[in-house]
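Descriptive analysis of the structure
In case you want the letters, here they are:
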Amino acid sequence: MSTGDAVRALRGRLLWFVDDPHSAGEAAHRYLADGLLVIENGLIRAVGEAQALLPTLPADAAIVDHRPHLIMPGFIDAHLHMPQTQVIASYGAQLMEWLNRYTFVEEQKLAQQGHAEALCAFLLDELLASGTTTAAVYCSVHRRSAEAFFAESHRRNTRMIAGKVMMDRNAPEALRDTPESGYADSKALIARWHGRGRQLYAITPRFAITSSPEQMAAAQRLVAEHPDCHVQTHIDENRAEIAFARELYPQAADYAGIYEDYDLLGPRSLMGHCIHMEDREWRAFAAHGAVAVFCPTSNLFLGSGLFDWARARREGVRVAVATDIGGGTSYSMLRTLAEAYKVLQLQGQTLPAFEALHAITRGNAVALGLDHLIGSFEIGREADLVVLDPAATRAMAHRLETARDLDEQLFVLVTLGDERNVVATYVAGERVASAGQRVAAPAR
Ligand code: GUN
Ligand code: ZN
């Protein structure tokens, strides 16, 4: 092993996935009860049994002993809204009323000097404290909100996907761009941020209701000009929303057809919610390789409905899991999994612990097309990871006394876990958050 660059090694119980446990079963995960993760230049250099790897380390390697804690790849959140950190827990409304009464009010504040910057710092602190190291993020309509998010993420060296929302109708005047300005601002942000350090751009027409046909065509042009950018939008979340979207685009086959008509339904498209899907829409998703993003805490909180994961599987539709802050009610992907389990239970479906933990690590990395970079501990991956104490709370420690095997222990973690279980979070090999504190981003 070279001694040129500082080598860091983390020791603990290691768990990661190399395949999908739903199809590959036991062969999908790797678990080492006393493992060592060797990191060099922010990348995973080696992984294996501690006893075997320790003698191979250079003499000056820094070893952090996290035993008996569990070390996993950093969690990935496939859909959330940066401007909505103060929209969370807004009472008593379903989607369209909730947008008008709460969300659009808060989003206007991002025009104020310094507000976006403050929210971005808060959000990234909160995500890292929850063990989330990558997220697909909606900013506000203001170009500077995306500028602020990327600048803060770049400073922290986090791998983030984000975009300025495009919306030119059915929203307050102060939150509307135009087809031309939405295009030009997105274009400028792509030029400045897409592929810079670890930042990636998502072309972000909010949803068909808030984009005119002219703006959808502008988004279509952006996709044609930047095929390596993601697309993120919303679809089939709420019955009133669907009826309104269909009214606005009467010529489309259905809601999915609206996006299809503008080439916005592709393999890099992250389609939020997908609850009330028609047969043809499932087929369109499968045909285009589009990703259905399941946001359980939001779907329950806004009374939107139950996402049918078994149907998505049957149809061959790719699925990602997300918080949807601030329709969603927790920053924690563990808490999100607990609600996912309940949503599926209500439909006679289950979510085994291994499948759940796969979903928020390698599964979401695959859905985002980033599994060659993040989501596992395979050699060469970026060293984003979370250290978890499955017995962090009294109730969890008590319950774990009777857990007989790893599967059962992990199910307790998935069902009762949240940010209190996060002992530390590492971004590209650097420790950026520790239990009970907010650690400042490393200067760079
Ligand atoms: N549809 C359009 N915008 C939004 C949003 O901000 N949150 C949710 N949950 N759905 C949306
Ligand atoms: Zn959303």
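Right above here is the structure, for reference.
Below is a short write-up of the structure. In this text, all values refer to a predicted model and were calculated from it rather than measured experimentally. (Residues numbered from 1 in each chain as written. Chains lettered and ligands numbered in written order. Predicted model: local features only at pLDDT ≥ 70, side-chain atom pairs only at ≥ 80, totals over all residues. Heavy atoms only, no water.)

Right, let's get into the coordination of the zinc ion (ligand 2). Note on the zinc ion (ligand 2): its protein donors are H79 (NE2), H81 (NE2), H234 (NE2) and D324 (OD). The metal-donor distances range over 2.0 to 2.5 Å. With four donor atoms in place around the zinc ion (ligand 2) and angles of 89 to 163 degrees between them, the coordination shape is irregular. In primary-sequence terms, the residues that donate to the zinc ion (ligand 2) follow H-x1-H-x152-H-x89-D. You can see H81 sitting in strand β5 (residues 75-81) and its partner H234 sitting in strand β10 (residues 230-235), a full 153 residues away along the chain. Each of the two residues, H81 as well as H234, counts as buried. (Donors = N, O, S within 2.8 Å, 3.2 Å for Na, K, Ca; no water. Tetrahedral: all angles 85-135°; square planar, octahedral: opposite > 155°, others 65-115°. Helix = DSSP H or I, 4+ residues; strand = E, 2+ residues; numbered from the N terminus. Buried < 20%, exposed > 50% of the residue type's maximum accessible area, 1.4 Å probe, protein only.)

With respect to spatial proximity, 13 residues lie near ligand 1, and among them H81, Q84, R206, E237 and D324 are the closest. Residue Q84 places a side-chain N or O atom 2.9 Å away from an oxygen atom belonging to ligand 1. With the chains in place, 100% of the 280 Å² that ligand 1 exposes on its own is no longer accessible. In terms of residue count, the dominant contributor to the shell around ligand 1 is helix α3 (residues 95-108) (three residues). Partitioned by chemical class, the residues of the shell around ligand 1 number five nonpolar, five polar and three charged. (Near = heavy atom within 4 Å. Polar contact = N/O pair within 3.5 Å; in protein donor to acceptor, adjacent residues only side chain to side chain. Areas by Shrake-Rupley, 256 points an atom, 1.4 Å probe, with all protein chains shown as cover. Nonpolar A, V, L, I, M, F, W, Y, C, P; charged D, E, K, R; others polar.)

Let us now look at α3. Taking the largest bend as the criterion, α3 deviates by roughly 35 degrees, centred on Y102. Contacts from the buried residues of α3 go to α8 (239-248). (Bend = angle between axes of the 7 residues up to and from the residue. Contact = heavy atoms within 4.5 Å.)

Here we take up the state of the cysteines. Using the criterion set out here, one finds zero disulfides in the structure. With no disulfide of its own, C229 has C139 as its nearest cysteine by sulfur position, at a separation of 14 Å. When its relative accessible area of 3% is taken as the criterion, C229 is described as buried. Free of any disulfide, C295 has its nearest neighbouring cysteine sulfur in C274, separated by 8.9 Å. A residue is classified by how much of its surface remains accessible, and C295, at 0% relative accessible area, is buried. (Disulfide = S-S within 2.5 Å.)

Evaluation of the coordinates by the stated rule reveals 11 aromatic pairs. With a centroid separation of 6.2 Å and 70 degrees between ring planes, the pair formed by F122 and Y331 is classed as edge-to-face. You can see F122 sitting in helix α4 (residues 115-129) and its partner Y331 sitting in the loop between β13 (318-321) and α13 (333-345), a full 209 residues away along the chain. Looking at F122, the relative accessible area reads 37%, which means it is partly exposed. Considering the side-chain rings of F150 and W193, the 5.6 Å spacing of their centres and the 20 degrees angle between planes classify their relative orientation as stacked. With F150 in helix α5 (residues 143-156) and W193 in helix α6 (residues 179-193), the pair connects residues that are 43 residues apart, well separated along the chain. The exposure class of F150 is buried, given its relative accessible area of 0%. The ring of W193 is capped by R196, whose NZ or CZ atom sits 4.3 Å from the centre of that ring. When the ring centre of Y183 is taken as origin, the NZ or CZ atom of R221, which lies over that ring, is 4.5 Å away. (Phe/Tyr/Trp six-rings, centres within 6.5 Å; stacked < 30°, edge-to-face > 60°. Lys NZ or Arg CZ within 6 Å of the ring centre and 35° of its normal.)

Before going further, it helps to examine the nonpolar core. Counting residues in each nonpolar core, the largest one holds 109 residues, and the members touching the most others are F149, I203, F285 and L357. Setting aside anything within four residues of it in sequence, one finds L357 in contact with L15, F17, M72, L334, L337, L410 and V414. Grouped together as the second largest cluster of nonpolar side chains are 17 residues, L200, L368, L370 and I374 included. (Core = buried A, V, L, I, M, F, W, Y, C linked by side-chain atoms within 4.5 Å.)

Right, let's get into unusual backbone geometry. R67 connects to P68 through a cis peptide bond whose omega is 5 degrees. As for its placement among the helices and strands, P68 is situated in strand β4 (residues 62-73). In this structure, the amide linkage connecting I325 to the following residue, G326, adopts the cis form with an omega of 0 degrees. Within the secondary structure layout, G326 lies in the loop between β13 and α13. The phi dihedral of A89 is positive, around 65 degrees, even though this residue is not glycine. Note on placement: A89 falls in the loop between β5 and α3. Here D236, not a glycine, exhibits a phi torsion of approximately 50 degrees, which is positive. Secondary-structure assignment places D236 in the loop between β10 and α8.

Moving on, we come to a nonpolar patch on the surface. A cluster of nonpolar side chains, namely L300, L306 and L346, defines an oily patch on the protein surface of about 260 Å² accessible area. Examined against the element boundaries, L306 turns out to sit in the loop between α11 (296-301) and α12 (309-315). Look at L306 and you get partly exposed, because its relative accessible area is 30%. (Patch = residues over 30% accessible without salt bridge, like charges linked within 9 Å, V, L, I, M, F, W, Y side chains within 5 Å. Salt bridge = Lys/Arg side-chain N within 4 Å of Asp/Glu carboxyl O.)

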